[in-house]
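Close look at the chain arrangement
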Amino acid sequence: GPKVLQIPSHQIIDMGQMVTLNCDPVSNHLYFYWYKQILGQQMEFLVNFYNGKVMEKSKLFKDQFSVERPDGSYFTLKIQPTALEDSAVYFCASSPYTANTEVFFGKGTRLTVV
Amino acid sequence: AQKVTQTQTSISVVEKTTVTMDCVYETRDSSYFLFWYKQTASGEIVFLIRQDSYKKENATVGHYSLNFQKPKSSIGLIITATQIEDSAVYFCAMRANTEGADRLTFGKGTQLIIQP
């Protein structure tokens, strides 16, 4: 099936530092998402992004979080500054349209804040 | 708000048998879409099958099928002829047409263990 690529697969960072998670969505998809999964738990929606703008964000999407996709390149999630509770696996996802189409996920980036 | 509930934490079955995983959902929308994903041991999340709320026929893809009972807000996943490689965590998810339209709401997952 369609592939969403995430780089890196694992990142360790000192608390308070900035981190950028990169995602290469499926090429013809228009909607992009970030989800957060704490070890062994359900996935929780963070944010969605369409046409260069954040369309919707959850309570988990703190002020320290930001997303962008400059010039159709990587879709990024930036956390600045990081906190211990940001340690989780972050999944990028994309879909061609909203609601009635499947969402395809990347393999995730495991973020460890120490 | 939308809610998805999977009450089975873990299920263990013998290979080549049929297993059913339960999922109930809550939404105020009249139109919505239901999905099942599996998360492999490596963490990869794989789309399996979907059911559109306006369709009466249960969806079937390969050895996956759904038991959609709309009056009960229930969407069970049935896997027939299970194989060892079906061992994974299975997530039920919902996406509505208007209420929180562009997010998937996930259940907590059911771990499926297929034994030889």
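Preceding block: the structure.
Residues numbered from 1 in each chain as written. Chains lettered and ligands numbered in written order. Predicted model: local features only at pLDDT ≥ 70, side-chain atom pairs only at ≥ 80, totals over all residues. Heavy atoms only, no water.

Here we look at the overall build of chain A
- Broken down by element type, chain A carries zero helices and eleven strands.
- Reading the helices (α) and strands (β) of chain A from amino to carboxyl end gives β-β-β-β-β-β-β-β-β-β-β.
- Taking 114 residues into account, the globule formula puts the C-alpha radius of gyration at 13 Å, and chain A, at 13 Å, falls close to it.
- Summarising its shape, the C-alpha atoms of chain A cover approximately 40 × 30 × 25 Å along the three principal directions.
- Looking at chain A as a whole, 47% of its 114 residues are labelled buried.
- Restricting the contact set of chain A to residue pairs at least 6 apart, pairs at least 24 apart contribute 54%.
- A total of about 5,800 Å² of accessible surface is found on chain A, and carbon and sulfur atoms cover 50% of it. (Helix = DSSP H or I, 4+ residues; strand = E, 2+ residues; numbered from the N terminus. Rg over C-alpha atoms; globule rule 2.2 N^0.38 Å. Buried < 20%, exposed > 50% of the residue type's maximum accessible area, 1.4 Å probe, protein only. Contact = heavy atoms within 4.5 Å. Areas by Shrake-Rupley, 256 points an atom, 1.4 Å probe, with all protein chains shown as cover.)

Here's the deal with the sheet that holds strand β8 (residues 75–79) of chain A
All names here are of chain A.
- Pairing is antiparallel in the open sheet, where four strands are placed in the order β1-β3-β8-β7. Looking along the sheet, the strands with just one partner apiece sit at the ends: β1 (5–7) and β7 (65–68). This sheet shows a mean twist of 20° between the axes of neighbouring strands, independent of strand direction.
- In the sheet, strand β3 (residues 19–24) pairs with β8 via five bridges, with the strands oriented antiparallel. (Pairing = 2+ DSSP bridges. Axes fitted to C-alpha atoms, helices over the stretch in contact; angles between N-to-C directions.)

Side note on the state of the cysteines
All names here are of chain A.
- Under the defined criterion, the tally for this structure stands at two disulfides over all chains.
- Here C23 pairs with C92 through a disulfide, and the sulfurs are 1.8 Å apart. Between C23 and C92, the S-S dihedral sits near -65°, and the bridge is therefore left-handed. Here C92 lies in strand β9 (residues 88–95) and C23 lies in strand β3, a separation of 69 residues in the sequence.
- For C23, a relative accessible area of 0% gives the class buried. (Disulfide = S-S within 2.5 Å.)

A short note on the interface of chain A and chain B
- In this assembly, 24 residues from chain A lie in contact with 21 residues from chain B.
- Each partner contributes to the roughly 1,900 Å² buried at the junction of chain A and chain B, and carbon and sulfur atoms together form 52% of this total.
- Across the pair R103(B) and E56(A) runs a salt bridge, and its minimum N-O distance is 2.9 Å.
- Summed over the shared surface of chain A and chain B, the result is nine residue pairs in polar contact (both at pLDDT 80 or more).
- When residues of the side of chain A that touches chain B are traced back to their parent elements, those giving at least two are β4 (31–37), β5 (43–50), β6 (53–57) and β9 of chain A.
- The element best represented in the side of chain A that touches chain B is β4(A), accounting for four residues.
- Class assignment for the residues of the side of chain A that touches chain B results in ten nonpolar, nine polar and five charged. (Buried area = accessible area lost by both parts, 1.4 Å probe. Salt bridge = Lys/Arg side-chain N within 4 Å of Asp/Glu carboxyl O. Polar contact = N/O pair within 3.5 Å; in protein donor to acceptor, adjacent residues only side chain to side chain. Nonpolar A, V, L, I, M, F, W, Y, C, P; charged D, E, K, R; others polar.)

So, the nonpolar core
All names here are of chain B.
- Within the largest apolar cluster, 26 residues are counted, with the highest numbers of intra-cluster contacts made by W36, I75, L77, Y90 and L112.
- Elements with a contribution of two residues or more to this core: β2 (10–14), β3 (19–21), β5 (32–39), β6 (45–52), β8 (64–69), β9 (74–79), β10 (88–96) and β12 (110–115).
- Ranked by the residues each element gives to this core, the list is headed by β10, at five residues.
- When neighbours within four sequence positions are excluded, L77 is seen to be in contact with V19, T20, M21, W36, L48, I49, Y64, S65, L66 and Y90. (Core = buried A, V, L, I, M, F, W, Y, C linked by side-chain atoms within 4.5 Å.)

Let's talk about the side chain of E102(A)
- Looking at the secondary structure, you find E102(A) in the loop between β9 and β10 (104–105).
- A polar side-chain atom of E102(A) sits 2.6 Å from a polar atom in the side chain of R50(B).
- Residues in contact with E102(A), not counting those within four places in the same chain, are S94(A), S95(A), P96(A), F35(B), Y37(B), F47(B) and R50(B).

Describing the environment of M94(B)
All names here are of chain B.
- Looking at where M94 falls in the secondary structure, it is placed in strand β10.
- Measuring from C-alpha to C-alpha, the distance between M94 and Q39 comes to 16 Å, with 55 residues separating the pair along the chain.
- Ignoring sequence-local partners within four residues, the contact set of M94 consists of Q2, K3, V4, Y25, E26, T27, F33, L34, R103, L104 and T105.

Quick look at the pattern of salt bridges
- One pass over the full model with this rule turns up five salt bridges over all chains.
- Salt bridges sharing partners connect three or more residues here, namely E102(A), R50(B), D52(B) and K55(B).

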